[in-house]
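Chains, contacts and geometry: an overview
Spelled out, the chains give:
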Amino acid sequence: MTTSRVRRALMLVLAGTVVSTAFSAPLPARAEDPAKVLLVLDVSGSMNEKISSGGTKFAAAKRALKQVADALPAGTEVGLRVYGSEISEPKAENPAACRDTKLVLPIGPLNRDKMYRAVDSFRAVGETPIAYSLGKAVDDLGDSGRRVLVLISDGEESCAGDPCPVARKLADKGVDLQFNAVGLDVSGKARKQLKCIAEAGNGSYYDADESDGLSEALRKITQRALRPFAITGTKVTGTESPDGAPELTVGQFQDRFEADGGTRYYRISRQPGENVTATVNSLVPPSGTYNADDWLLTLTTESGAACDDVHTLSETADATVVVSGAVVSGSAAAECATEPLVLAVERRNYKGAKSAPVEIVITGEPEITNLASLPGPVTSYKETGAAVPSKKPVRRIIGGSSFTNAPLITAGSFSDAPAVGESVFYRVRLGTGQRLRTSVTAPSNRDSWDLSNTETVTVAALIYAPSRVPQTRQSGVLQGNGREKLTVYSPEVRVRNREITHGGLVTTEGDALARASYASVAGDYYVSVQVRQTTPDTSGRVLPIRLDVDVEGAVEGQPVYATAPSPTPSPSASTGSTATASPSPSAGTVSPPADGDRPGAGALAAAAGVGAAVVALLGLVVGLAIRRNRSRSAANRNG
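The structure contained in this document is the topic of the report that follows. All of these numbers come straight from a predicted model, not from anything done at the bench. (Residues numbered from 1 in each chain as written. Predicted model: local features only at pLDDT ≥ 70, side-chain atom pairs only at ≥ 80, totals over all residues. Heavy atoms only, no water.)

**Re the pattern of salt bridges**
Definition in use: What makes a salt bridge here is a side-chain nitrogen of Lys or Arg within 4 Å of a carboxyl oxygen of Asp or Glu, nothing more. For the exposure calls, accessible area comes from a 1.4 Å probe over protein chains only, and a residue counts as buried if that area is under 20% of its type's maximum, exposed if over 50%, partly exposed in between. Each helix corresponds to a stretch of at least 4 residues labelled H or I by DSSP, and each strand to a stretch of at least 2 residues labelled E; elements are numbered beginning at the N terminus.
According to the stated counting rule, one finds 28 salt bridges in the structure shown. Notably, a salt bridge pairs Arg-264 with Asp-255, separated by 2.9 Å at the nearest N-O pair. In terms of burial, Arg-264 and Asp-255 fall into one category: buried. We note a salt bridge from Arg-437 to Glu-552, for which the minimum N-O separation is 2.9 Å. Here Arg-437 is found in strand S22 (residues 435-442), whereas its partner Glu-552 is found in strand S27 (residues 545-552), with 115 residues between them in sequence.

See the structure below:
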């Protein structure tokens, strides 16, 4: 960008948090290998106990596994391992009881008859060797490709002490390995161990105290396994200096950062004059009482000219949250508009947590030639207002665990069941001239949600811009018979919203108007629902919610570019395919997105119907003409 281009400084206050960053429309993630799913079932003697919904835990687990087999698409790579099925003597009498684990169905394309026979082939008689079974399960999954382990257990480890350190060591064997856990009528130490296993493997934990809850938890986990992982992209490894740093182009990449591993460097190549945005995001899991990820992003030219920097911080104690920040090349320095760029990323974790996967999205935008003739920026923006009316049918959906695997939804009503301690994500496509309005309704005890007068959970609804930076957040406390309904609005998408400037902290409406500047590009906007634990006994409990969505306004005010945007470098063979615009009302569950329907393909579909040339441009248009003084960094608290 030249010095005559728009210059702005943004100060974002969101729930006591400041964000200063830039954003752009995302691009399709890389093609994903089919996931291999291994179900690991506890069949120790305690599984013969009765549960509240009738029958035994063992019978409920077998029924749930058969329902999973019915729900998974034919050909899904799935297997089943059990432990505690053969040796009934306690470990003191027979030490082999602590090695009692068996692969009853090797991983392979789903054959429902074989799955049924495998589920009916064992008894529940023995000990609970969780750690030993996890090691064998990781061997079953192999050492490559996307691998998902789902542990179903009703008790704590009985052989090796705490299985969590073993889970952490096993999970660090690869970025494409994920652990999930379902606790069947558990509490105390058993729940703590299972939660820790899921967190160690960047997965989800669910509580289930009856048959339907177990089936719902397994359905959600296994169907999520068919989507991209929460963090995905072409694998790269940043270097300790700019020399020899990997070269990134427009696309999505992944790396892995230690808790305090110094600064990583990446080089970014681009077309001359192209405005580049680099977005970095990761997930911050709860870690006991407190966890915080602190990231510093710096963008310079190869010659050392400063282009942009941002400091972004996310804190959590009770839910998995996103940490996300972005830097752009637009700057007063002329070199930032033409030279190759260098991205520096530094992570610090105040909990001393393990290494974390991180996503890096690089996008680029050519010069806009019709900027002066486009509608001016919005002059006011209210973050909330009248609730969205519910519409029939209310369709079941499974929210993603991040931006990358968020399912596409359109205007309508949807039901989901996130667990306490979880953040779920959905994406909605907006064109220029449109805005998003969504309401989240959490149940009361009258809706079969059991919450005592001494227990509380906090429900929050957020909207993120295409750059994956938060625009607005509303939250409320759910307790006893109370019902919480939250409504959030995005501002109308206008290209010239990027002209909105703000230099200080003012009223809530003033801060909201500053955040409206993020809404200057068409594409995938994200709705996130966070369910935060505020009392220990609610952790992992499934909370039914309804999501009512409305997209207001017509597509208008589209930009014209001086040159064609950079081609998408995604290796996916179907990046040019057209994504499904809406879920089928008869499907019952919104299907996982196809390759062409992954996050980032949304900008293309959002422009459908406005002309082939504009569609081709909007499908890949990204970036913002945002510039800040290098000396002004702000903290981005997404938690």
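**Some details on the environment of Ala-190**
How we decide: Any two residues whose heavy atoms approach within 4.5 Å are treated as being in contact.
Structurally, Ala-190 is set in helix H5 (residues 188-200). With relative accessibility at 7%, the residue Ala-190 sits in the buried group. A C-alpha to C-alpha distance of 7.6 Å links Ala-190 and Asp-154, two positions 36 residues apart in sequence. Not counting the four nearest positions on each side in its chain, Ala-190 is found in contact with Gly-155 and Glu-156.

**What about the packing of helix H3 (residues 130-141) against helix H4 (residues 164-171)?**
Angle between the axes and distance between the axes: these two values describe a pair of packed helices. We count it as follows: Axis angles are defined between N-to-C directions and span 0 to 180 degrees, where every axis is a line fitted to C-alpha atoms and, for a helix, only to the segment in contact. Roughly parallel here means an angle under 35 degrees, roughly antiparallel means over 145, roughly perpendicular means 65 to 115, and every remaining angle is called oblique. In a left-handed crossing the near helix is turned counterclockwise from the far helix by less than a right angle, and in a right-handed crossing that turn is clockwise. Residues are grouped as follows: Ala, Val, Leu, Ile, Met, Phe, Trp, Tyr, Cys and Pro are nonpolar; Asp, Glu, Lys and Arg are charged; all remaining types, including Gly, are polar.
Interaxial distance between H3 and H4 falls to 9 Å at its minimum, and their mutual angle equals 10°. Of the possible angle classes, the one that applies to H3 and H4 is roughly parallel. With respect to the hand of their crossing, H3 and H4 are arranged in right-handed fashion. In this structure, H3 uses Ala-131, Leu-134, Gly-135 and Val-138 to contact H4, whose residues at the interface are Val-166, Ala-167 and Leu-170. Classifying every residue of the contact of H3 with H4 gives 6 nonpolar, 1 polar and no charged.

**Observations regarding the state of the cysteines**
For clarity, the cut-off: Only a pair of cysteine sulfur atoms within 2.5 Å counts as a disulfide in this structure description.
Enumeration according to the criterion identifies 3 disulfides in this entry. Between the sulfur atoms of Cys-98 and its disulfide partner Cys-159 the distance amounts to 2.1 Å. Its torsion about the S-S bond being -85°, the disulfide of Cys-98 and Cys-159 is classed as left-handed. Here Cys-159 lies in the loop between strand S6 (147-153) and H4 and Cys-98 lies in the loop between strand S4 (77-83) and strand S5 (101-109), a separation of 61 residues in the sequence. What makes Cys-98 buried here is its relative accessible area of 17%. Put simply, Cys-164 and Cys-196 are joined by a disulfide, and their sulfur atoms are 1.6 Å apart. Every disulfide takes its handedness from the sign of the S-S torsion; for Cys-164 and Cys-196 that torsion is -70°, giving left-handed. Taken together, the residues span a long stretch of sequence, with Cys-164 in helix H4 and Cys-196 in helix H5 at a distance of 32 residues. Across the chain, the disulfide pattern expressed with sequentially numbered bonded cysteines is 1-2, 3-4, 5-6.

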